[in-house]
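A closer look at the structure
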Amino acid sequence: MELVEKTDQAQAELLKNFEEKINRGDAIEPKDKMPDAYRKHLIRQISQHAHSEVIGMQPEGNWITRAPSLRAKQILLAKIQDEGGHGLYLYSAAETLGISRDEMIQLLHSGKAKYSSIFNYPTLTWADIGAVGWLVDGAAIVNQVSLQRTSYGPYSRAMVRICKEESFHQRQGYEIMAKMMQGTKEQREMAQDAMNRLWWPSLMMFGPHDSESPRTSDAMKWRIKRHSNDELRQKFIDKTVQQAEVIGLTVPDKDLKWNEAKGHYDHGPIDWDEFYRVVNGNGPCNKQRMDHHIRVHNEGAWVREAAEAYRKKKENLN
Amino acid sequence: MNQQQALYKYCVGLGDDALIQSYRLSEWCRNAPILEEDLALTNFALDMTGRAQVLLSYAGKVEGAGRTDDDLAYRRAERQFYNHLIMELPNGDFAFTMARLLFTATYEYYFFTELKNSADHDLAAVAAKTVKEVKYHMAHATDWVLRLGDGTEESHNRMQKAVNELWMYTHELFATDPDVAMLRDGNIAVDLAVVKSAWLQFISRTLTEATLAVPADGYQQTGGAAGIHTEHMGHILSEMQYLQRAYPDATW
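Predicted model only: the values in this text are computed from it and were never measured.

Criteria and cut-off values
Residues numbered from 1 in each chain as written. Chains lettered and ligands numbered in written order. Predicted model: local features only at pLDDT ≥ 70, side-chain atom pairs only at ≥ 80, totals over all residues. Heavy atoms only, no water. pLDDT = per-residue confidence, 0-100. Contact = heavy atoms within 4.5 Å. Buried area = accessible area lost by both parts, 1.4 Å probe. Salt bridge = Lys/Arg side-chain N within 4 Å of Asp/Glu carboxyl O. Polar contact = N/O pair within 3.5 Å; in protein donor to acceptor, adjacent residues only side chain to side chain. Helix = DSSP H or I, 4+ residues; strand = E, 2+ residues; numbered from the N terminus. Buried < 20%, exposed > 50% of the residue type's maximum accessible area, 1.4 Å probe, protein only. Expected span 1.5 Å × (residues − 1). Arc of directions from axis to C-beta. Bend = angle between axes of the 7 residues up to and from the residue. Core = buried A, V, L, I, M, F, W, Y, C linked by side-chain atoms within 4.5 Å. Phe/Tyr/Trp six-rings, centres within 6.5 Å; stacked < 30°, edge-to-face > 60°. Axes fitted to C-alpha atoms, helices over the stretch in contact; angles between N-to-C directions. Parallel < 35°, antiparallel > 145°, perpendicular 65-115°, else oblique. Left-handed = near helix turned anticlockwise from the far one by under 90°. Nonpolar A, V, L, I, M, F, W, Y, C, P; charged D, E, K, R; others polar.

**A closer look at the confidence of the model for chain B**
- On average, residues of chain B carry a pLDDT of 97, and 100% of them reach 70 or more.
- Two numbers describe this predicted complex: its pTM, 0.95, and its ipTM, 0.96.

Below is the structure:
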């Protein structure tokens, strides 16, 4: 009994020190003591972020072989390569918390780990590649800029680097849309159609309204998250609506209007039924994305085994 | 064929090799056995697309008919492509792709090392840049051929099968014709005999180290220089050129 009390006391002390450190604005580093719940929250969030980068390679990769010019192909290849690189940094950041990349991939395959639901939507035309860069990366940046000051050091440093690259992607996506809006009638229709299909799912990327978001409070208290879902969503809407207007795209929201008093755009209701339906596995490409990842992973098993066997052989020789 | 036409064809052939090989490698993006390979192969595809862009743009200039790099990549028909057949073969498994990359990158390394001395300054400049890039492609492929050749029984068998299947497409890399001979006389084109001997030496050594057998020479496939391709080529072009062909008035 005495021992339990002592342990409880030690736990309370640990939590107190930890929270003081957070409140001072110090970064938490891998070897620092941290509450289990903090560690678990970070593993969940960072691995989800890493999986999103990797699964996101699928809808974009869908257009690599059909990119319409050599320049467009180079930009798209470089972008997808960046996304894969972000996946790598993030897996490494999560590994500092005591989980391996293999374990994270297993959790993804078993459905226990998630990835951003936006990648369950298909890229149907070349304009979708523009819209993904502009809207999806644009939404991701708003979130990631905020995460640059997240409390966990390795995550925060990964975000600083990732943000630099994402801002290129966002501009390149916007350039595709702008070019198409200056192009033929068919191109303009393609661009508007991509906007119509991807606008609402992009707003959903920020997650449920603050009043409905279950994990926000701990994440805010521990400064993993620095701004709420609704704050970030609003920031994204405000900057993107203006960009759409400049190139002549219509935002598919009849309730959208500038609110002079608030200094923000008001927007129409988000279809949360669709959000939860897709999050829970019933979107256009959920099955396809996961089947693809599992198939490729399994097909590559013999390569990974061979590399490991070769490494061991060489180690034994030395 | 006059010298200008021969030079156009020479540059287009080099550009097509890069373009088509890049197409195949880029198909690995999101399909590789580990994430690091998704990145590596995408990165090589990116190098090659850049090389294709410079070479096709130069070919357009040599031709003098106002065609751009994109016109040449996206608006030519199959019979006007001059890449080597080995570049267009489907990827197969990872062993097949790595064996091919070893063969082509080693060829390119020695080829562009020679082309650095070309009397054509534009080609010499492209060669100087390309040698640095393909050195990495070659090193990467060599590492994988060693790992897979001398890894597990399965990987060894897959690698040997790949090497055997690809062998009949390798000799075309060193085949010369009267047009190339004309450019050789002007010190523009590379002496392929020099490239072949360096290639064969490196490949034999690498395959042997990887515990793989060097195949015996048998029937050899050729046709790229005459624009006669495998059946795979038409499918590459129908996919690659889709948007440019479907929306001829659009700019992207």
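**Things to note about the interface of chain B and chain A**
- Across the contact, 49 residues belong to chain B and 47 residues belong to chain A.
- Carbon and sulfur atoms make up 68% of the surface buried where chain B meets chain A, a total of about 4100 Å² over both sides.
- Looking only at chain B, the three residues that lose the most surface to chain A are Arg30, Leu35 and Trp252 of chain B, adding up to 19% of its buried area.
- There are two salt bridges connecting chain B and chain A.
- Measuring nitrogen to oxygen at the nearest pair gives 3.0 Å for the salt bridge that ties Asp150 of chain B to Lys313 of chain A.
- Across the chain B-chain A interface, the total number found is 18 residue pairs in polar contact (both at pLDDT 80 or more).
- For the side of chain B that touches chain A, the elements supplying multiple residues, two or more each, are α1 (3-26), α2 (35-63), α3 (69-74), α5 (94-115), α6 (121-149), α7 (153-167), α10 (232-240) and α11 (242-246) of chain B.
- The greatest single-element share of the side of chain B that touches chain A, amounting to eleven residues, is contributed by α2 of chain B.

**Description of the environment of Arg44 of chain A**
All names here are of chain A.
- The topology assignment puts Arg44 in helix α2 (residues 36-55).
- Looking at Arg44, the relative accessible area reads 29%, which means it is partly exposed.
- Placed 50 residues apart in sequence, Arg44 and Ala94 show a C-alpha to C-alpha distance of 8.7 Å.

**Here we look at α7 of chain B**
- Taking 1.5 Å of rise per residue, the 15 residues of α7 of chain B would be expected to cover 21 Å, and the 21 Å separating its terminal C-alpha atoms lies within 8% of that figure.
- Among the residues making up α7 of chain B, those that are buried are Ser155, Met159, Gln160, Ala162, Val163, Leu166 and Trp167 of chain B. Looking down the long axis of α7 of chain B, one finds its buried residues gathered within 160° of arc, a one-sided arrangement. Residues Glu153 and Lys161 of chain B are exposed on α7 of chain B and point more than 90 degrees away from its buried face.
- As for α7 of chain B, its buried residues are in contact with α13 (301-317) of chain A together with α4 (85-88), α5, α6 and α9 (192-209) of chain B.

**A word on unusual backbone geometry**
Residues and elements named next belong to chain B.
- Although it is not a glycine, Asn187 adopts a positive phi angle of roughly 55°.
- Mapped onto the secondary structure, Asn187 falls in the loop between α8 (178-185) and α9.
- What makes Asn187 partly exposed here is its relative accessible area of 46%.
- One non-glycine residue, Thr211, lies in positive phi territory at about 60°.

**Section: helix α8 (residues 185-204) of chain A**
- A rise of 1.5 Å per residue sets the reference length of α8 of chain A, with its 20 residues, at 28 Å; its end C-alpha atoms lie 30 Å apart and thus fit the reference within 8%.
- The largest bend in α8 of chain A amounts to roughly 35° and is located at Leu198 of chain A, with the proline Pro201 of chain A lying one to four residues further along.

**Concerning the nonpolar core**
- Tyr38, Trp126 and Trp199 of chain A together with Tyr10, Phe111 and Leu123 of chain B are the most contacted members of the largest nonpolar core, which has 178 residues in total.
- Considering every element that reaches this core, the biggest residue donor is α5 of chain B, with 14 residues.

**Concerning the packing of aromatic side chains**
All names here are of chain B.
- Scanning the entire structure with this criterion turns up 23 aromatic pairs over all chains.
- Relative to Trp199, the ring of Phe103 has its centre 5.6 Å away and its plane inclined at 55°; by these criteria the two rings are tilted. Highlighted residues: Phe103 in helix α5 and Trp199 in helix α9, separated in sequence by 96 residues. The pair Phe103 / Trp199 is uniform in exposure class, with both members buried.
- Both rings, one in Tyr107 and one in Phe111, keep their centres 5.5 Å apart while their planes meet at 45°; by these two values the pair is tilted. Of this pair, Tyr107 and Phe111 both sit in helix α5, four residues apart, roughly one helical turn.
- Look at Tyr107 and you get buried, because its relative accessible area is 4%.
- On the basis of relative accessibility, which here comes to 3%, the residue Phe111 falls in the buried class.

**Remarks on the environment of Ala65 of chain B**
- With respect to the element layout, Ala65 of chain B can be found in the loop between α2 and α3.
- For the pair Ala65 of chain B and Tyr10 of chain B, spaced 55 residues apart in sequence, the C-alpha to C-alpha distance is 16 Å.

**Things to note about the packing of α2 of chain A against helix α4 (residues 70-95) of chain A**
Residue and element names in this part refer to chain A.
- Interhelical geometry of α2 versus α4 gives an angle of 160° and a closest axis separation of 8 Å. Regarding the angle of α2 to α4, the classification is roughly antiparallel. Taken as a pair, α2 and α4 cross one another with a handedness that is left-handed. Here α2 contributes Ile46, His49, Ala50, His51, Glu53 and Val54 to the contact with α4, which in turn contributes Glu83, His86, Gly87, Leu90, Tyr91, Ala93 and Ala94.
- Classifying every residue of the contact of α2 with α4 by side-chain character gives seven nonpolar, four polar and two charged.

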